[in-house]
Amino acid sequence: MKNNDQRSSIFWLAAGLAIAVYSGKYGLGTLSSPGPGFLPFLSGLAIAGLALVVFFQQFSKPGREKIKDLWQKKNWPTVLMVLGSLVLYTLLFNFLGFILDTFLLMAFLLRVIEPMSWIKVLAGAIGAAGGSYVIFELWLQAQLPKGFLGF
Amino acid sequence: MFSNVLLGFQVALQPMNLFFCFIGVLIGTLVGVLPGLGPVAAMSLLLPSTFHVSPVSAIIMLAGIYYGAMYGGSTTSILVNIPGEAASVVTCLDGYQMARKGRAGPALGIAAFGSFIAGTLSIIGLMFLAPPLAEGALKFGPPEYFCLMLLGLIILTFLAGGSMPKALIMAAFGLFLGLIGMDIMTATPRFNFGLYFLNDGVGLVPVVMGLFGISEVLLNVEAVIKTDVFKTKIKGLLPNLQDWKDSAWPIIRGSVIGFFLGILPGGGAVISSFVSYAVEKKVSRHPEKFGTGVIEGVAGPESANNAATGGAFIPLFTLGIPSNAVTAMLLGALVIYGMQPGPMLISQHPDLFWGAVTSMYIGNIMLLVLNLPLIGLWVKILKIPYPVLFPLILLFCLIGVYSLNNNTGEIGLMLFFGVVGYLMKKFNYEAAPLVLALVLGPMMENALRQALIMSNGGAGIFFTRPISLVIMLVVLTLLVLPLLPWVKKKREIVAEMAEDE
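Bear in mind that the values here come from a model prediction, so they are computed numbers and not experimental data.

Draft legend 1. Representation of the overall build of chain B in the model. Summing up its helical and strand segments, chain B has 21 helices and 2 strands in all. On C-alpha atoms alone, chain B measures out to a radius of gyration of 22 Å, which is about the 23 Å that the 2.2 N^0.38 rule sets for 501 residues. Considering only C-alpha atoms, chain B reaches an extent of 65 × 55 × 45 Å along its principal axes. The proportion of buried residues among the 501 residues of chain B is 63%. Within chain B, contacts between residues at least 6 apart in sequence are counted, and of these 78% link residues at least 24 apart.

Written out as structure tokens, the structure reads:
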């Protein structure tokens, strides 16, 4: 593997082929009456073909490009924590209800990067959850879910 | 023409529409100022909340966000050397240097005035060009439409900063995403992975908020950015006479460049600001001074990126084809409001077209009034620390996506595309071709199938009709061009420059 482009192109090669193969299931039809799988099939082939182009292009590039560790010196655990909290928020959204769920998420996010004092965190989380409830539920009338506690 | 403009002003001057225009440009400027939240994400955020108002008001507001963001983006470029928008990247080069020399005021001033003049000129261009073009477009059949949409995608990938094959992969992947869901002709659900909400197709809003909103936050939290607002007193916003003399031609040239590059499907604000900077450097009598804080380097690109927004509305209103991610959002909005975008739009909904166009004129005046005195406020907003800001950005994205269909599945979809966008940025893939292709996907599939049915399966139909033949030749040229040695070299230099930033 020469560089990061070559690594990512392998992913796209696999993805393109998978799309093309899967499209066959929906029926390609004929040229005079193309079926539901026709254009997905072509797009899959295009992805795979272009991935090959990217892969082989890298050999003709001067050697200074190397595989870089894209997560070196990066604070990737924070990314995982933020992402994890968002997934959890989504899963609990209907169960806990908008206000409680949002309060918990905001409190977590406000502490995850830079630990602020708990008073600031509480004030921020209450403000964000309450404020967004007023704007979106009461004013814009988005129908946000009520949780098992009834709010 | 005159009566149409009058009709437009009648619509745009209604208090309700004035209000939405104001909200639009205000929010636009705000997201332009805030790095990491662009007009596309802001428009998708506000889209659900516009369902209660009339389509005209909604489009007026959404358009206001677009050109408002172009204004706001320049403020951060000049003051903190961080472009709020991709289209303001070049403004950093000379704008920030001017600020360091204590000339932040005139830099901000000329950016605002230049944007105003360019915005106005491009609206006039839009008024004159759009109606006749729409009439011409009535002669287009499915093959022409298919070729045009293909051309738009190819131009966007051709102009993409990095590698063209990688941009094309993104376009092809976006096309595939656009095809997910129920097939219109046979009612077969495709690629829904067992998730029923995907039968309606992959929504534009979750994808855009994921790619542009969530992914940006993820990138920022892993390397918390320390913004350092340039501590200078901003005094004397008005450029002096010499500044005006230096900037007059760059503004006019920037307007023309921006407008015509904006019309091109796939062109747009980012490219036109780069081209304008290059042109100014070329025609200047002192090119060596560029990058040290010359006012031409601010006036030209800032005018160009604003003029491009006007130009970008032409393919949208005349053909119903979006030319970039922002107009793709607007197209999505039109469809939600039950309008049929295409050549008939102007004649069927004159109030919408002329109202939107004249509101842009009013919006530009509002921006000028808003920006000069409010710069102090924008600077204060820039000082909000990121650890406080990012939870709010995430919260807005979450609520925005949910309230679209009251479906948590779409939040999941947004988070998925947040991760995809995060990885795409890590591995240097561009999101714009993906978004444009996602919107064009169903339209392209329809046109392609109709064309093939028309020709009884002969692909020759794309090469025998004169208009589609010409477009196809351009497409092929653009695909072959990067392979030529000297073009290849130029593109590599540009790509390296982009990477260095």
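Draft legend 2. Up close: the environment of B:A187. Here B:A187 lies in the loop between strand 1 (181–182) and strand 2 (189–190). Remark: the alpha-carbon pair of B:A187 and B:L330, spanning 143 residues in sequence, is separated by 27 Å.

Draft legend 3. Focus on the pattern of salt bridges. Residue and element names in this part refer to chain B. What the rule picks out here adds up to 9 salt bridges over all chains. Here D243 and R103 are joined by a salt bridge, their closest N and O atoms 3.0 Å apart. Here D243 is found in helix 10 (residues 241–263), whereas its partner R103 is found in the loop between helix 5 (89–100) and helix 6 (104–137), with 140 residues between them in sequence. By relative accessible area, which is 5% here, D243 ends up buried. The partly exposed category is assigned to R103, whose relative accessible area is 27%.

Draft legend 4. Representation of the interface of chain A and chain B in the model. Chain A puts 59 residues into the contact, and the matching count from chain B is 55 residues. If you look at where chain A meets chain B, you find 1 salt bridge. Linking A:D5 and B:K166 is a salt bridge whose minimum nitrogen-to-oxygen distance equals 2.6 Å. Where the side of chain A that touches chain B is concerned, the elements lending two or more residues are helix 1 (4–24), helix 2 (38–57), helix 3 (76–96), helix 4 (98–112) and helix 5 (118–139) of chain A. No other element matches helix 2 of chain A, which puts 11 residues into the side of chain A that touches chain B. When the residues that make up the side of chain A that touches chain B are grouped by side-chain class, the tally is 39 nonpolar, 16 polar and 4 charged.

Draft legend 5. Representation of the nonpolar core. Membership of the largest hydrophobic core comes to 190 residues, with the highest contact counts inside it found for A:W12, A:V82, B:L211, B:F313, B:F390 and B:M414. At 15 residues, helix 15 (residues 350–382) of chain B tops the list of elements feeding residues into this core. Beyond its immediate stretch of four places on either side in the chain, B:F313 contacts B:A63, B:Y66, B:L126, B:L330 and B:M360.

Draft legend 6. The arrangement of helix 5 of chain B in detail. Residues and elements named next belong to chain B. For helix 5, built from 12 residues, the straight-helix expectation of 16 Å at 1.5 Å per residue is met to within 8% by its first-to-last C-alpha distance of 17 Å. Counting buried residues along helix 5, 9 of its 12 residues qualify, which places the element largely inside the surrounding structure. Of the surrounding elements, those touching the buried residues of helix 5 are helix 4 (55–80), helix 6, helix 11 (269–283) and helix 12 (296–319). The first or second residue beyond helix 5 is G102, which carries a positive phi of 85°.

Draft legend 7. The side chain of B:T358, seen in detail. All names here are of chain B. With respect to the helices, strands and loops of the structure, T358 is situated in helix 15. When its relative accessible area of 3% is taken as the criterion, T358 is described as buried. Not counting the four nearest positions on each side in its chain, T358 is found in contact with V5, G8, F9 and A12.

Draft legend 8. Representation of the packing of helix 10 of chain B against helix 12 of chain B within the structure. All names here are of chain B. Where helix 10 meets helix 12, the closest approach of the two axes is 6 Å, and the angle between their N-to-C directions is 30°. Judged by the angle between their axes, helix 10 and helix 12 are roughly parallel. Considering the relative orientation of helix 10 and helix 12, their crossing is right-handed. Touching D246, S247, P250, I251, G254, S255, G258, F259, G262 and I263 of helix 10 are E296, A299, G300, S303, A304, A307, A308, G310, G311, A312, I314 and P315, all from helix 12. Across the contact of helix 10 with helix 12, the residue classes tally to 11 nonpolar, 9 polar and 2 charged.

What counts and what doesn't
- Residues numbered from 1 in each chain as written.
- Chains lettered and ligands numbered in written order.
- Predicted model: local features only at pLDDT ≥ 70, side-chain atom pairs only at ≥ 80, totals over all residues.
- Heavy atoms only, no water.
- Helix = DSSP H or I, 4+ residues; strand = E, 2+ residues; numbered from the N terminus.
- Rg over C-alpha atoms; globule rule 2.2 N^0.38 Å.
- Buried < 20%, exposed > 50% of the residue type's maximum accessible area, 1.4 Å probe, protein only.
- Contact = heavy atoms within 4.5 Å.
- Salt bridge = Lys/Arg side-chain N within 4 Å of Asp/Glu carboxyl O.
- Nonpolar A, V, L, I, M, F, W, Y, C, P; charged D, E, K, R; others polar.
- Core = buried A, V, L, I, M, F, W, Y, C linked by side-chain atoms within 4.5 Å.
- Expected span 1.5 Å × (residues − 1).
- Axes fitted to C-alpha atoms, helices over the stretch in contact; angles between N-to-C directions.
- Parallel < 35°, antiparallel > 145°, perpendicular 65-115°, else oblique.
- Left-handed = near helix turned anticlockwise from the far one by under 90°.

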